[in-house]
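Observations on the model geometry
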Amino acid sequence: MAAPGDAQSNTSSTQRVKVYCLDQDGKWDDRGTGLISLDYVERSEELGLYVVDEDDHETLLVHRISTDDIYRKQEDTIISWREPEGSTELALSFQETAGCSHIWNHICTMQRNLHFSSLNMSTELRELPDVDISNLPQILEIVTESGIKGQMRLAGLMLKDVKFFDNLMNVFEMCEDLEKLDCLHMMFNIVKGIISLNSHQILEKILGDSLIMKVIGSLEYDPDAPQSLHYRNDVTTHVVFKEAIPIKNPMVLSKIHQTYRIGYLKDVILSRVVDDATATSLDSIINANKAAIVTLLKDDSNFFQELFARLRSPSTSVESKSDLVHFLHEFCSLSKSLEMELKLRLFKELIDKGIFDVIGEVLQLPDTQHASADILLIFLTADPKLLRSYLVKPETPLLGLLVKGLMEDFGVKMLEIFRILLASRALSAGAQGANIMDIFCEKHIPELVNFITTSCPEKPGDTSESTPGRVSSLLNICELLCFCVQQDPSRTTFLLQNATEKVLFLTRRKEKSIVAAAVRFFRTLLSVLDESVQSYVVKKNLLKPIIDVFVAGGNHDDLLISSILALLEHIRKAKATVLLKYVVDTFWDQLAPFEHRTSIQALKNEQCIESLGPKSNTDPVDMRGNSDGEKSAFDSSTQKEEANPHSSNGEAASSSPLRSERVLDYEDDEDDDEDNKTQKQTEDSVKGREKRCRCREDEQDECKKKPKLCPTIEGNKISTERDGGEAKEPENARSSEDNNNSVDEKKES
């Protein structure tokens, strides 16, 4: 016998009970109160009941569960039985009803397991009992309690008896006529167990036309369902089979109906109870049926000839065309079950029959747009070349219709179509892929840009509700333009010159998601930061609308502001010297209030500009209006100063460095007095240099030895002295005479 401690540790649940024994006088003797548990009997593989005293942990009862029908449940809290060996009457009185039910259920389950274990040990199941109402409990036990080996044997016996399933369904109808609810509940569990055997042959047999509705009916009597179920009514009444073109082959009709019913069985009726293996078997039957339907219809030449004739006929009503297109869509969807070789062969046959021409016609009908787009996606998923080879043909309107669809409600599907058509692997596919991109850019991007223009207010800040253009369409167009740049960077210049200004009109919209999409497109364009791109951005002042949006909401933390900060950070990290100088020179007065943001503060760091290395050969556009002649003079005077830093003549050093130091501290105030302006610039330059020194400690001495040009003669003298040895901070105080000299020298230069 197992130790009490072991019994308590292994128990699945414990409940408080009183143990009674019937004495010779016919009275119940109280043996004590304890905790009951289920555990294996010591030195045995059999389960038993253990009751251990709740105070001194002495064993009050050990009972080996018997396969015989000796147990009785009285009321809701008492279980009694007679011991087979000593003929002793015992009873357990539970404190709670739930505890009594729990132990009773376990006793019943163990009895069934023990019964079939002894059955399998003694004799192998050789035949099934006769199928009638009286044998339903035995059939249920055989179906639900068989082990893995027993299930294989059971499936073989069921298939061997050719009338077993027919007889079983006849018994179901008899029980339903007699309204025997207990028998119907058993039928539910029997059918569910048969399906769970996961035998492909059995599933094909019981899901055939003659039995499937009876099988579905038997599954309506789920004992755990809170209310009655009506699966058969749903399948037969609520679902209407509609034939766009009459199907004359009875085999096709049978497969169509069976496929729907099996799908309903898997997804609705058995969704909670079916395991993955059985679901896979049901799916395999469904796929096999789909392949058979496609093959049978494909081989019927008259069927498809009539289908395409009706689709092309001008006398066909819009409603009939809609039904025909939806049927064609369903047919193409079923073809997914075919092997790739057969699928491509089928699609090529459909192309030869003119399916793309038909789609080009029905794509303009409102009720067939989604189905037509789905058909194109099915073809593209199988092989994109099938559609590309059609679109590159001259005078083919389909590509233009797809672009038009991109600007309408179902643009998401069109976006997916264009993603596949314009994917980089398509562009590497030779002339066919390149032609698609050429045609799209030259003919259809102007259409999209015009749609964007008409969808934006005429003036910035105008957020009128009447502004045309759907949000989803604008988002899809921006997404597609970004995709074009990512797939073919060589189109950057074209898009920059032909689309960017109009796309940035979207910053006038009130929807932040659209404004963020426009910023994202501009950021994608700047992924190619060559000299021509930078110069064009500066020339057209393209960042202005984006900076205006940031200034209007820079104190908020949302997706839009984050996208703008990411754009500025990209410019800084990408070493875009021209763009960085353009941003600081042109927009710093607007960005200065947001210097507390890390990305904005980093723009002002002069060390960031100096660390970019040699400047680009491209002459950036001077946003302050300097001419080429002024720039050449500036370069010439800088070279002279570097060649002779000790020159006492300050004329060459007093004008050009003045502009150099003002790259980051430029202030344009034409009303200021010239003397005060020069002095202020000098002081700002010195303070800016002190603030912007970001050298490491081991580099500071070397940094201080570097000659620094100052915008005054006095400043250059200090710099010269510093080169000679002692490093001193330049003095801010200057005489008025020095100021006047500096101004005069600036004018002469």
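Predicted model, so just to flag it, every value in this text is computed and none were measured. (Residues numbered from 1 in each chain as written. Predicted model: local features only at pLDDT ≥ 70, side-chain atom pairs only at ≥ 80, totals over all residues. Heavy atoms only, no water.)

Looking at the overall build of the protein
What counts here: The way it works is that DSSP assigns letters per residue, a run of H or I at least four long becomes a helix, a run of E at least two long becomes a strand, and they are numbered from the N terminus. Note on exposure labels: buried denotes an accessible area under 20% of the residue type's maximum, exposed denotes more than 50%, and partly exposed covers the range between, all computed with a 1.4 Å probe on protein chains only. Any two residues whose heavy atoms approach within 4.5 Å at even a single point are treated as in contact. All accessible-area figures derive from a Shrake-Rupley calculation using a 1.4 Å probe, and residue coverage is judged against the displayed protein chains alone.
For the protein, the count of helices and strands is 38 helices and seven strands. Taking all 749 residues of the protein together, 44% fall into the buried category. In the protein, of all internal contacts separated by at least 6 residues, the share reaching a separation of at least 24 is 66%. A total accessible area of about 39,400 Å² is found for the protein, and carbon and sulfur atoms account for 47% of it.

Here we look at unusual backbone geometry
Positive phi outside glycine occurs at glutamate 179, with the angle close to 55°. Along the chain, the position of glutamate 179 falls in the loop between α5 (164-178) and α6 (181-196). The phi dihedral of glutamate 395 is positive, around 60°, even though this residue is not glycine. In this fold, glutamate 395 is placed in the loop between α17 (385-391) and α18 (398-406).

A short note on the pairing of strand β6 (residues 78-82)
Spelled out, the test is: Pairing between two strands requires that DSSP report at least two bridges joining them.
Across three bridges, strand β5 (residues 72-74) lies against β6 in antiparallel orientation. Residue pairing across strands places arginine 72 opposite serine 80, the latter belonging to β6. Remark: three residues form the turn of the hairpin made by β5 and β6, two consecutive strands paired antiparallel; glutamate 75 in that turn has positive phi of roughly 55°. Pairing of β6 with strand β7 (residues 89-94), which is carried by five bridges, proceeds in the antiparallel orientation. What sits directly across from serine 80, in β7, is alanine 91.

Structural notes on the packing of aromatic side chains
Our working definition: A pair of Phe, Tyr and Trp rings is counted when the ring centres sit within 6.5 Å of each other, with Trp represented by its six-membered ring. The angle between the planes then sorts it: under 30 degrees is stacked, over 60 is edge-to-face, the rest tilted. Either the NZ atom of lysine or the CZ atom of arginine qualifies as a charge over a ring when it sits within 6 Å of the ring centre and within 35 degrees of the ring normal.
Summed over all chains, the structure comprises 15 aromatic pairs. Ring geometry for phenylalanine 303 versus phenylalanine 327: centroids 5.5 Å apart, planes at 70°, classification edge-to-face. Note that phenylalanine 303 is positioned in helix α12 (residues 301-312) and phenylalanine 327 in helix α13 (residues 318-334), a separation of 24 residues in sequence. Side by side, phenylalanine 303 and phenylalanine 327 carry an identical accessibility label, which is buried. By the ring-pair criterion, three or more aromatic residues cluster together here, those being Phe303, Phe304, Phe308, Phe327 and Phe331. Here arginine 508 stacks its cationic end above the ring of phenylalanine 505, 4.2 Å away from the centre of that ring.

As for the sheet that holds β6
Here is the rule: Fitted lines through C-alpha atoms give the axes, limited to the stretch in contact for helices. The angle between two N-to-C directions lies from 0 to 180 degrees.
On the basis of which strands lie adjacent, the open sheet formed by seven strands has the order β4-β3-β2-β1-β7-β6-β5 and antiparallel pairing. The strands lining the two open edges of the sheet, one partner per strand, are β4 (59-64) and β5. Sheet twist, expressed as the mean angle between neighbouring strand axes with direction ignored, is 30°. Taken together, the seven bridges between strand β2 (residues 28-40) and strand β3 (residues 47-53) define a ladder with antiparallel strand orientation. Bridge pairing in β3 places aspartate 39 opposite glycine 48.

Section: the nonpolar core
Definition in use: To qualify as a nonpolar core, a set must consist of buried Ala, Val, Leu, Ile, Met, Phe, Trp, Tyr and Cys residues joined through side-chain atoms within 4.5 Å.
Core analysis: the biggest nonpolar cluster contains 123 residues, and Leu350, Ile355, Leu402, Leu422 and Leu543 have the highest contact counts within it. Here leucine 543 is in contact with Phe522, Leu567, Ile571, Tyr582, Val583 and Phe587, once residues within four sequence places are set aside. In terms of nonpolar packing, the next biggest core, distinct from the first, is built from 49 residues, Met158, Phe172, Ile206 and Ile212 among them.

Some details on the side chain of arginine 261
With respect to the helices and strands, arginine 261 occurs in helix α10 (residues 250-269). Those residues within four positions of arginine 261 in sequence are excluded, and the remaining contacts are Ile212, Met213, Ile216 and Val235.

Regarding the side chain of arginine 597
Along the chain, the position of arginine 597 falls in the loop between α29 (577-591) and α30 (598-603). Residues contacting arginine 597, with those up to four places away along its chain left out, are Phe550, Gly554, Asn555, His556, Asp557, Ile561 and Leu565.

Observations concerning the pattern of salt bridges
Spelled out, the test is: When a carboxyl oxygen of Asp or Glu is within 4 Å of a side-chain nitrogen of Lys or Arg, the pair counts as a salt bridge.
The tally for this structure, following the rule as stated, stands at 26 salt bridges. The salt bridge involving arginine 31 is made with aspartate 29; its shortest N-O contact spans 3.8 Å. Accessibility expressed as a relative area gives 38% for aspartate 29, which makes it partly exposed. Between lysine 266 and aspartate 267 there is a salt bridge, and its shortest N-O distance comes to 2.8 Å. The network of salt bridges with common partners includes Glu176, Glu220 and Arg232.

Some details on the confidence of the model for the protein
So the rule is basically this: A residue's pLDDT is simply how confident the predictor is in it, with values from 0 to 100.
Mean pLDDT over the protein stands at 77; residues scoring 70 or higher make up 73%. This model gives residues 1-13 a pLDDT under 50, and the stretch forms 28 contacts once residues within four places in sequence are excluded. Predicted confidence for residues 685-700 stays below pLDDT 50, and this span has 24 contacts to residues more than four positions away or in other chains.

As for the pairing of β3
Counting buried residues in β3 gives six out of seven residues, a clear majority hidden from the surface. One ladder, built from five bridges, connects β3 with β4; its direction is antiparallel. Bridging from a neighbouring strand, tyrosine 50 pairs with valine 62 of β4. Counting the residues between successive antiparallel strands, the hairpin from β3 to β4 contains five residues, one of them, histidine 57, with a positive phi of roughly 60°.

Here's the deal with the packing of helix α3 (residues 136-145) against α6
Under the convention used in this document: We call two directions roughly parallel when the angle between them is under 35 degrees, roughly antiparallel when it is over 145, roughly perpendicular when it lies between 65 and 115, and oblique otherwise. Note: crossing handedness is left-handed where the near helix turns anticlockwise from the far helix by less than a right angle, and right-handed where it turns clockwise. Side-chain classes follow a simple rule in which Ala, Val, Leu, Ile, Met, Phe, Trp, Tyr, Cys and Pro form the nonpolar group, Asp, Glu, Lys and Arg form the charged group, and the remainder, Gly included, forms the polar group.
It is the contact of α3 with α6, at a shortest axis distance of 9 Å, that shows an interaxial angle of 30°. It follows that α3 is roughly parallel to α6 by the angle criterion. Seen along the crossing, α3 lies across α6 with a hand that is left-handed. Facing Leu136, Pro137, Ile139, Leu140, Val143 and Thr144 of α3, the residues of α6 in contact are Cys183, Met186, Met187, Asn189, Ile190, Gly193 and Ile194. Looking at side-chain class alone, the contact of α3 with α6 contains 10 nonpolar, three polar and no charged residues.

Considerations on α18
The element α18 is largely enclosed, with a buried count of seven among its nine residues. The set of residues buried in α18 consists of Leu398, Leu399, Leu401, Leu402, Val403, Gly405 and Leu406.

A look at the packing of helix α27 (residues 544-553) against α29
α29 packs onto α27 with a crossing angle of 25° between their chain directions and a minimal axis gap of 11 Å. The angle between the axes of α27 and α29 places the two elements in the roughly parallel class. Our pair here, α27 against α29, has a crossing hand that is right-handed. Note on element contacts: α29 touches α27 through Tyr582, Phe587, Gln590 and Leu591, opposite Lys544, Ile547, Asp548, Phe550 and Val551. Taken together, the residues of the contact of α27 with α29 break down into six nonpolar, one polar and two charged.

Considerations on the environment of serine 284
By the secondary structure assignment, serine 284 is in helix α11 (residues 276-298). Taking the C-alpha atoms as reference points, serine 284 and histidine 200, separated by 84 residues in sequence, lie 9.1 Å from one another.

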